[in-house]
Amino acid sequence: MDSWFEAGHVAIVTGGSKGLGKEIARELLTRGLHVIIDGRDGRLLETAAKELRQGGDLITIAGDVSDKEHAHALIAAARELGRLDLLVNNASTLGEVPLPRVDELTKGTFEHIFDVNVFAPIHLMQHALPLMQQSSIATIVNITSDAGVEAYPTWGGYGASKAALEHISRVLAAELESPSIRVLVADPGDMNTQMHRDAIPDADPSELRNPADSARALLQAIAEMKEPYGRVRLADLVLA
Ligand SMILES: NC(=O)c1ccc[n+]([C@@H]2O[C@H](COP(=O)([O-])OP(=O)(O)OC[C@H]3O[C@@H](n4cnc5c(N)ncnc54)[C@H](OP(=O)(O)O)[C@@H]3O)[C@@H](O)[C@H]2O)c1
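Below or above, wherever it landed, is the structure these notes cover. Here the residue index of a chain counts from 1 through its sequence in written order. Confidence filtering applies because this is a predicted model: local features only for residues at pLDDT of at least 70, side-chain atom pairs given and counted only at 80 or more, and all residues used for totals across whole chains, interfaces and linings.

### Structural notes on the sheet that holds strand β6 (residues 181–187)
Thinking step 1. Two strands pair under a simple rule: DSSP has to find at least two bridges between them. Only DSSP runs of H or I covering at least 4 residues are called helices, and only runs of E covering at least 2 are called strands; the numbering of each starts at the N terminus. If you trace the seven strands from one edge of the open sheet to the other, you get β3-β2-β1-β4-β5-β6-β7, paired in parallel fashion. Whereas interior strands pair on both sides, the edge strands pair on one side only; in this sheet they are β3 (58–62) and β7 (229–233). Going from strand to strand, the sheet's axes swing by 15° on average, the running direction of each strand aside.
Thinking step 2. Where strand β2 (residues 34–39) and β3 come together, five bridges link them in parallel fashion. Paired with Ile36 across the two strands is Ile59, which belongs to β3.
Thinking step 3. The contact criterion used is a C-beta to C-beta distance within 7 Å, with each C-beta placed from the backbone. Simply put, an axis is a line fit to the C-alpha atoms, just over the touching stretch for a helix, and the angle between two N-to-C directions goes from 0 to 180 degrees. Where helix α3 (residues 68–81) meets the sheet, its contacts fall on β1 (10–13), β2 and β3, and the angle it forms with β2 comes to roughly 165°.
Thinking step 4. On the sheet, helix α5 (residues 156–175) packs against β5 (138–143), β6 and β7 and is oriented at approximately 160° with respect to β6.

Structure (structure tokens):
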């Protein structure tokens, strides 16, 4: 399984200062990858980095994924390392909490959700592709949600953004001429993270998944990928 994650490979994981992104970064570092992470809160990012750097070579760049200059800085950091083998579009927003019903969803909130959850990943993918094409095998992972498929009341804005991200991912995979780049859409399931606490504050944490398990499942899903496009529910994977 680990041949996909060779020491010296380079990965960008957006939203790596907590939750799922931090655990994905931790897993990749233990396999010897150079990992570039971001997050808007620079202090939180550096606190996470102190912990993660014990595992390997980590670069942090504080910023907002919806800021184009910041996205370019992420790609530039990978370019300086000479390659980009894995891009994980993980950073995401709920827009506003409590989550609004569709009849209360404002254009401003909807646009903000799409800026972060859809346009930012598209922009990063567009700028990452030329560098990724130089790798013998490279993977784009877009983190989605069951809210992009199921009709949960109040999850319309966020869910629509994840549905859009999934469809863009499918189309990108169909367009890619290079068989060496694969696109994986991964639904991590309900996890015990800040985003879940913000969305559903009264959820029982003992019923939620540890994001570290989802991170391990994601790496397994990448390693097991056979087609140029895949969609996986990480909660369904039996960890090896
Ligand atoms: N938690 C769940 O149950 C669940 C379920 C289904 C899908 N997901 C998906 O899983 C992914 C990870 O979620 P999570 O639960 O781990 O979230 P989380 O614990 O809230 O962590 C989100 C990470 O993204 C960063 N981030 C947020 N907005 C950003 C922006 N605009 N630019 C750059 N970084 C940003 C955060 O740092 P800053 O706040 O400092 O920017 C943090 O590092 C998301 O795509 C989410 O939609 C989560």
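So much for the structure itself; the text now carries on.
### Things to note about the pairing of β5
Thinking step 1. With six of six residues buried, β5 lies mostly within the body of the structure.
Thinking step 2. Our exposure labels follow a C-beta count within 10 Å of each residue's own C-beta, placed from the backbone: buried means 20 or more other C-beta atoms, exposed means 12 or fewer, and partly exposed covers the counts in between. Alternating positions in β5 separate into two faces, Ala138, Ile140 and Asn142 on one and Thr139, Val141 and Ile143 on the other, with burial throughout.
Thinking step 3. Since strand β4 (residues 86–89) and β5 lie parallel, the crossover through helix α4 (residues 107–132) that links them has a hand, and here it is right-handed.
Thinking step 4. In this structure, β5 lies alongside β6, joined through six bridges in parallel fashion. Within β6, the residue paired with Ala138 across the bridge is Ile181. The definition of a right-handed crossover adopted here requires that, viewed with the strands pointing away, the path from the first strand over the helix to the second runs clockwise.

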